[in-house]
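# Geometric and topological summary
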Amino acid sequence: MFDDVDLVHQALPGLSFEEIDISTNFLGKKISAPIVISGMTGGTEELGRLNSIIATAAEKTGIAMGVGSQRVALERSETRESFAVVRRIARDIPVIANIGAPQLLRGYGVRELEEAISMVEADAIAVHFNPAQEVFQPEGEPDYSDRLLTVLSEVIKSLGVPVIVKETGTGLAMETVSKLRRVGVTHFDVQGAGGTSWVAVEMFRGRRRGNWKWRSADVFKGWGVPTAASIIETRFAAPDSFIIGSGGIRNGLDGAKALALGADLVGMALPAMRAAVKGAEALGEFVEDFKFQLKVASFLVGAKDVRDIKKTPLVISGKLRDWVTSRGLDLSVYTKVRAGRA
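Rules of the game
- Residues numbered from 1 in each chain as written.
- Predicted model: local features only at pLDDT ≥ 70, side-chain atom pairs only at ≥ 80, totals over all residues.
- Heavy atoms only, no water.
- Salt bridge = Lys/Arg side-chain N within 4 Å of Asp/Glu carboxyl O.
- Core = buried A, V, L, I, M, F, W, Y, C linked by side-chain atoms within 4.5 Å.
- Buried < 20%, exposed > 50% of the residue type's maximum accessible area, 1.4 Å probe, protein only.
- Helix = DSSP H or I, 4+ residues; strand = E, 2+ residues; numbered from the N terminus.
- Phe/Tyr/Trp six-rings, centres within 6.5 Å; stacked < 30°, edge-to-face > 60°.
- Lys NZ or Arg CZ within 6 Å of the ring centre and 35° of its normal.
- Pairing = 2+ DSSP bridges.
- 1 Å grid on protein atoms, 1.4 Å probe; cavity = no way out; pocket = protein on both sides within 12 Å on 5 of 7 lines; lining within 4 Å.
- Points joined across faces, edges and corners; volume = space filled by probe spheres on them.
- Nonpolar A, V, L, I, M, F, W, Y, C, P; charged D, E, K, R; others polar.

A few words now on the pattern of salt bridges. Overall, the coordinates contain 22 salt bridges when judged by the stated rule. The network of salt bridges with common partners includes Arg-71, Glu-75, Arg-106, Glu-141 and Asp-143.

Structure (C-alpha cells):
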C-alpha cells in the first residue's frame, strides 16, 4: 500500500541538501539514520556467519539491528555463539534480542528473557507474534490466549530494557495495540503484510513435506494488515508509542513514506538479507543507498530532519484510503496525531 501514499514535492524546499540530518536516537543511542535491520537469523554456524556480516555492516553504517529467535540458543547452548558474535562486532549500535510470544505461555519468564538479553548484550528485546504462521506449522504453537497479556505485563515490569512487540509479516491492528498498550507495551514493530509472507513460506514448506495444511495456507497467504495501514492503526491506538514500520520496505522512499505515516524507525529484512549473502560490503552499500534515498526524499519535501519528515504533507489514496475510512479513522484527525509525535 505504499503505492497509495504520495509525498508532496516542494519545488522550493527551503534548505540545502547538505543541511539534512537523518540521524536519530533509538534505545538511548544515536544512530546515523532511522533504520533497523530486523532480526532474522541465528542458530547454526552458517547463520552465525550471516549475523556477523550484518553486525559488521550495521556497525560501520551506524544503524540498529536485531537477531533472530533465540529460543534455540536457550535450549541448545552450542548455538549461542551464532548470536553472541553480534555484540563482539557491533559494539556501539542498538541491538535487539528476540524470543517468540508462545514461549511466554510455555514456561519462559524473566530469567529466560534476561538470558537472551545478556547473550547479545541487547538494548531491548523483541517478543515476536506470529499466530498466522504458527497455525500452519506442523510443529506450530498457535496459543495466543489473553493470558499472554498477563505474562507480558509481568515481564515488562521486571526487565531492565524495553520490550518491543513485533509482528512477523501480518501486521498489528488497533484492537491488538490497545490491549498491549494497556499492559505497558510502549514499543511496537508492526511488520505488516506486503513483505515476506510466512504463511506462504509454510505453504511451500508444507507442500514439500507432504503436510496437508499447505492447501489451506495457500488460501491465507495474502492475509494480514498491510504495513502502511498498520502504522496508521498503531499510531491511532497508541499515539505516545515508539513505532518501527517494517514489512515490504524496499528502499529509502518507502522508508520516508513509513516515517511520514507515523513510524519512528523503519525496519528491513529480506532486502538486507539478499545483500548480506553477498557480504558485508554489499550490505553496507545497500544501507548507504537507502540512506541517500531517504535524504533525497527529505530534501524534496523540505524536511530538514526526521522530525520534519513526520510533519510533511501526504496524499493517501486508493486501497489505503479505503482501508482507513472503513476502519472508522479520520485522516484529518490523523494528520494531527502523527505530527504530535514528532
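Back to the text.
Attention now moves to the nonpolar core. Counting 95 residues, the largest nonpolar core has Met-65, Ile-125, Leu-261 and Leu-283 as the members making the most contacts within it. If one sorts the elements of this core by residue count, helix H14 (residues 280–301) sits on top with seven residues. Membership of the second largest hydrophobic core comes to twelve residues, among which are Val-36, Ile-96, Ile-164 and Leu-265.

With that out of the way, let us pick up the packing of aromatic side chains. Counting across every chain of the model gives eight aromatic pairs. A centroid spacing of 6.4 Å and a plane angle of 55° characterise the contact between Phe-286 and Phe-290, whose relative ring orientation is tilted. Of the two residues, Phe-286 and Phe-290 are both situated in helix H14; the distance of four residues between them amounts to about one turn of the helix. The pair formed by Phe-286 and Phe-290 is uniform in burial state, with each residue classed as buried. One aromatic cluster in this structure is built from Phe-17, Phe-292 and Phe-299. Its guanidinium or amino end placed over the ring of Trp-214, Arg-207 lies 5.0 Å from that ring's centre, counting from NZ or CZ.

In terms of residue burial, strand S7 (residues 124–129) counts as a mostly covered element, since six of its six residues are buried. The alternating pattern of S7 places Ala-124, Ala-126 and His-128 and Ile-125, Val-127 and Phe-129 on opposite faces, both of which are buried. Note: strand S6 (residues 95–100) against S7, five bridges, orientation parallel. Pairing of Gly-100 across the sheet is with His-128, part of S7. Pairing between S7 and strand S8 (residues 163–167): five bridges, direction parallel. Within S8, the residue paired with Phe-129 across the bridge is Glu-167.

Another point: empty space enclosed by the protein. Within the structure shown, the criterion is met by two cavities of 30 Å³ or more. Reported here for the largest cavity is a volume of approximately 100 Å³. Mapped by element, the contributors of at least two residues to the lining of the largest cavity are strand S4 (35–37), S6 and S8. With three residues, S6 is the largest single contributor of residues to the lining of the largest cavity. Looking at the lining of the largest cavity residue by residue, the classes come out as eight nonpolar, four polar and two charged. When its volume is computed, the second largest cavity comes out at roughly 50 Å³. Every residue lining the second largest cavity is listed: Asn-130, Ala-132, Gln-133, Glu-167, Thr-168, Gly-169, Thr-170, Trp-198 and Val-199. Only helix H6 (131–134) and helix H9 (198–209) provide two or more residues apiece to the lining of the second largest cavity. In terms of residue class, the lining of the second largest cavity is built from three nonpolar, five polar and one charged.

So, about the layout of surface pockets. The computed volume of the largest pocket comes to approximately 1200 Å³. Looking at the largest pocket, it is lined by 47 residues, and the ones nearest its centre are Met-40, Ser-69, His-128, Gln-133 and Trp-198. The set of elements that each furnish at least two residues to the lining of the largest pocket consists of helix H2 (71–75), S6, H6, H9, strand S11 (265–268) and helix H13 (270–276). If you tally residues by element for the lining of the largest pocket, the top one is H9, at four residues. Tallied by class, residues from the lining of the largest pocket come to eleven nonpolar, 26 polar and ten charged. Estimates place the volume of the second largest pocket at around 450 Å³. In this structure, the second largest pocket is lined by 20 residues; those nearest its centre are Phe-129, Pro-131, Glu-167, Gly-171 and Thr-176. Elements that contribute at least two residues to the lining of the second largest pocket include exactly H6, helix H7 (147–158) and helix H8 (174–182). A total of four residues in the lining of the second largest pocket trace back to one element, the largest contributor, which is H8.

The quantities given are spatial measurements derived from coordinates; they are silent on function.
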